[in-house]
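Remarks on the overall topology
Residue-level listing of the chains:
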Amino acid sequence: MSNATSKTRQGDFDVLLIHRNYGFVVCEVKSFGDNAKELNMPRQTIVNSIGKRLKEAISQLDKAKTILSHLVSDIAPALRITKTIVVPNITADQIQEVISTDCELAEDLCRCLGTTTDPATITGLCLCCDQLSDPKTPWDVSSHVLSEFGLWWQRRVTGAGPEKEMTLDLYKILVARFCGPATTVTVPCTSPPRVSVKTMDQAVWCTGECYTALITLFPEQVDLLNMAHPRLFMTGPPGTGKTVVLLLMAIEWLRWGHHVYIVSTWWRSRAACSMLYQLLQRIMNMHETPGKPHLLQYHFEDEKDVTRAVAELSQKAIGGKVYVIADEVVRGHMSATRLQTFCDDLLKQVPCLHLWAANCYDGHVPVGWPEEKLTRPLRSPPAVVREIKKSREITAENTVSKYSERGVPDHTDGPPVRRLYHQGAHHSSSWLGDCVTCGREVASFLQGLRVGNAGNCASSSCPNSTSATPPCLQWREVLVLCWETASDNAGMLEGLQEAGIPVRVMKDDDIDDVAMARSDVVWVADGRRVQGLERKVIVCLGSNDLSVPLHNMSRCTSQLLIITPENDDSSPRELS
């Protein structure tokens, strides 16, 4: 733009389409007419106002063509630029009435839109309300609207045939030039720089931040923390803020000077409790809280371990009080019985027991224990929540409560859930985790999100950077979750490793590492072992009956990729 004249610098437009076959389509939108009836405007005033808006649109489209031609003059000087006017609140008959009384306007429109000198053709080239949905219900796209819009598209864009200059390479250059990093500008403002999201990987990163780093609690959760009941059991579907509330309550206890005991009751709660413990350690070190966190691990599947837990926690009581946090507590009939025994016996030994626990499964709250059911989704975007709602734990088994409406707007709908299908000549093994081809396709998907491309992103290692460009996704923000434990030589890992992706299988010694995402690698794990954790990108391996467990999908805070056997020969294969 350094050699552009002052005239070419002034062009602007409302919508620009870069079409693979038809070049540029530039649209100028004029919204006049939405309140004409309410204002009771005289007919002639309406006609004059429409004429004025059309003249403005002609001027702006002419400038837009000038600036677009200049911007591509070095690579495609003769590229087709199709201009159109969009008037969503005006009918074609109204436009025809206006141009029939203004010959000069009709001539200018014919020239601007590149049509013949016949004014009768002008209305067919503008996009009027006749071809659009009712503005009051824009989401209601009827078959009639689709047909009318298709006819307009054919008249205005495709009628001239494909643009000969538009090659695949030129198309990529144009997209990069008009949508890429070169279009980023710095705008002075009093607030921190606004984030510019232009690519899918940036959208995935930003969505994850909205649902993890920037959480606003619901009133019912704030009320729980303010009332601070000594004993509480929280239930509800995944991602409704149970772990967050446990963490905040534990922080309060630390500030009050108490020792806080994070109790893991079985193997499926190890990672969640490890994360809570390490986060509390970090807070204690940063703020020098008078209290101190402790991590205790038990196996409540064994009745002797229940007795041991009661004995050890009773001994740690000070002044008849002990402060306990337990996340992802045991489930199942026998486990629930032992949890009941643990709570009853510990309360007998410690009359002023403070114990807050949580589990997403229903039917495991100890009898007589205060229960709070949290059902409003907090941690995952709507696209992921809709998928979780389909899980058999909610729809068939009724072991997990249904979500309720948020009642407040979401940050975003989130990236669409993607799917891959384990089917075809190149797919081997009956188990998805042992398929090299599936591993290669997952690798291709992650590379499409530019995961691990830290060197090409601004501030990739600093989430609090003031850069307007979002940081890149890192390998540590990805989990591949299976139905069972994968081996180190599984086909999935081989496919990922072939693409140069750092990948490791989670073992017992890795729980602390995985819980805090210390190593910048893609972890492959049995989904049951990472309950309570969260990542921006989750790859879920379904079972042969096409089901995907709720506790695997619900780890996702942004981009969910599901791999299942294809259930219909007509189903399309999807990669990105």
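The rules behind each value
- Residues numbered from 1 in each chain as written.
- Predicted model: local features only at pLDDT ≥ 70, side-chain atom pairs only at ≥ 80, totals over all residues.
- Heavy atoms only, no water.
- Helix = DSSP H or I, 4+ residues; strand = E, 2+ residues; numbered from the N terminus.
- Contact = heavy atoms within 4.5 Å.
- Areas by Shrake-Rupley, 256 points an atom, 1.4 Å probe, with all protein chains shown as cover.
- Expected span 1.5 Å × (residues − 1).
- Buried < 20%, exposed > 50% of the residue type's maximum accessible area, 1.4 Å probe, protein only.
- Core = buried A, V, L, I, M, F, W, Y, C linked by side-chain atoms within 4.5 Å.
- Pairing = 2+ DSSP bridges.
- Axes fitted to C-alpha atoms, helices over the stretch in contact; angles between N-to-C directions.
- Disulfide = S-S within 2.5 Å.
- pLDDT = per-residue confidence, 0-100.
- Patch = residues over 30% accessible without salt bridge, like charges linked within 9 Å, V, L, I, M, F, W, Y side chains within 5 Å.
- Salt bridge = Lys/Arg side-chain N within 4 Å of Asp/Glu carboxyl O.

**Topic: the overall build of the protein chain**
- Counting its secondary structure elements, the protein chain contains 18 helices and 16 strands.
- Looking at the protein chain alone, contacts between residues at least 24 apart form 73% of all its contacts between residues at least 6 apart.
- Summing over all exposed atoms, the protein chain offers an accessible surface of approximately 27300 Å²; the carbon and sulfur share of this is 52%.

**Some words on helix α15 (residues 436-448)**
- Compared with an ideal rise of 1.5 Å per residue, which puts 13 residues at 18 Å, α15 spans 18 Å between its outermost C-alpha atoms and is within 8% of the ideal.
- Listed in full, the buried residues belonging to α15 are Val436, Thr437, Cys438, Gly439, Glu441, Val442, Ala443, Phe445 and Leu446.
- At its buried positions, α15 is contacted by β11 (418-421), β12 (478-482), α16 (491-498), β15 (535-541) and β16 (556-564).
- A positive phi of about 55° marks Arg450, the residue just after α15.

**Some thoughts on the nonpolar core**
- Of all hydrophobic cores here, the largest spans 39 residues; its most connected members are Phe24, Leu54, Ile85, Leu109 and Leu174.
- Among the elements of the structure, β2 (23-29), α1 (43-71), β3 (81-87), α2 (92-100), α3 (103-113), α4 (122-125) and α6 (168-179) are those that each provide at least two residues to this core.
- Here Leu174 is in contact with Ile18, Phe24, Val72, Ile75, Leu79 and Met166, once residues within four sequence places are set aside.
- Listed in part, the 33 residues of the second largest apolar core include Trp205, Cys206, Trp475 and Leu561.

**A short note on the environment of Ser558**
- Take Ser558: it is sitting in strand β16.
- As for Ser558 and Cys210, which are separated by 348 residues in sequence, their C-alpha atoms are 9.2 Å apart.
- If we ignore the near neighbours within four places in the chain, the residues touching Ser558 are Ala203, Val204, Thr207, Gly208, Pro381, Val384, Pro415, Arg535 and Lys536.

**A few points about the pairing of strand β7 (residues 292-297)**
- As paired elements, strand β6 (residues 259-264) and β7 share six bridges and run parallel to each other. What sits directly across from Ile262, in β7, is Leu295.

**Some remarks on helix α10 (residues 270-287)**
- Compared with the 26 Å implied by 1.5 Å per residue over 18 residues, the 26 Å span of α10 between its first and last C-alpha is a close match.
- Within the sequence span of α10, burial applies to Arg270, Ala271, Ala272, Cys273, Ser274, Met275, Leu276, Gln278, Leu280, Gln281, Ile283 and Met284.
- Lining the buried residues of α10 we find α9 (242-255), β6, β7, β8 (321-326) and α17 (511-516).
- Positioned one or two residues after α10, Glu288 has a phi angle of 50°, which is positive.

**Some details on the sheet that holds β3**
- Spatially, β1-β2-β3-β4 is the arrangement adopted by the four strands of the open sheet, whose pairing is mixed. On the outer flanks of this sheet lie β1 (15-19) and β4 (127-128), each paired with one strand and no other.
- The sheet contact formed by β3 and β4 spans two bridges and is parallel. Following the sheet pairing, Val87 is matched in β4 by Cys128.
- Most of the contacts of α1 go to β3, to which it runs at about 150°, and overall it touches β1, β2 and β3.

**A short note on the sheet that holds strand β9 (residues 352-358)**
- Across the sheet, six strands lie side by side as β7-β6-β8-β9-β5-β10; this open sheet has parallel pairing. On the outer flanks of this sheet lie β7 and β10 (371-373), each paired with one strand and no other. Taking the axes of each pair of neighbouring strands and ignoring which way they run, one obtains an average angle of 20° across the sheet.
- In the packing of α10 onto the sheet, the strands contacted are β6, β7 and β8, and the crossing angle to β7 comes to about 165°.

**Here's the deal with the state of the cysteines**
- On inspection of all chains with the given rule, the structure shows zero disulfides.
- The thiol of Cys438 is unpaired, and the distance to the nearest cysteine sulfur, on Cys435, comes to 3.7 Å.
- Unpaired in this structure, Cys540 has its nearest cysteine sulfur neighbour in Cys556, at a distance of 7.8 Å.
- Taking relative accessible area as the criterion, Cys540 reaches 0% and is therefore assigned buried.

**Some words on the confidence of the model for the protein chain**
- With 88% of its residues at a pLDDT of 70 or more, the protein chain has an overall mean of 86.
- Below a pLDDT of 50 lies the segment residues 1-8, which in the model reaches 11 contacts outside its immediate sequence neighbourhood of four places, other chains included.
- Between residues 568-576, whose pLDDT stays under 50, and residues either more than four places distant or in other chains, the model counts 21 contacts.

**Notes on a nonpolar patch on the surface**
- On the surface, Val15, Leu17 and Val29 cluster together into a nonpolar patch covering about 180 Å² of accessible area.
- Relative to the assigned elements, Val29 resides in strand β2.

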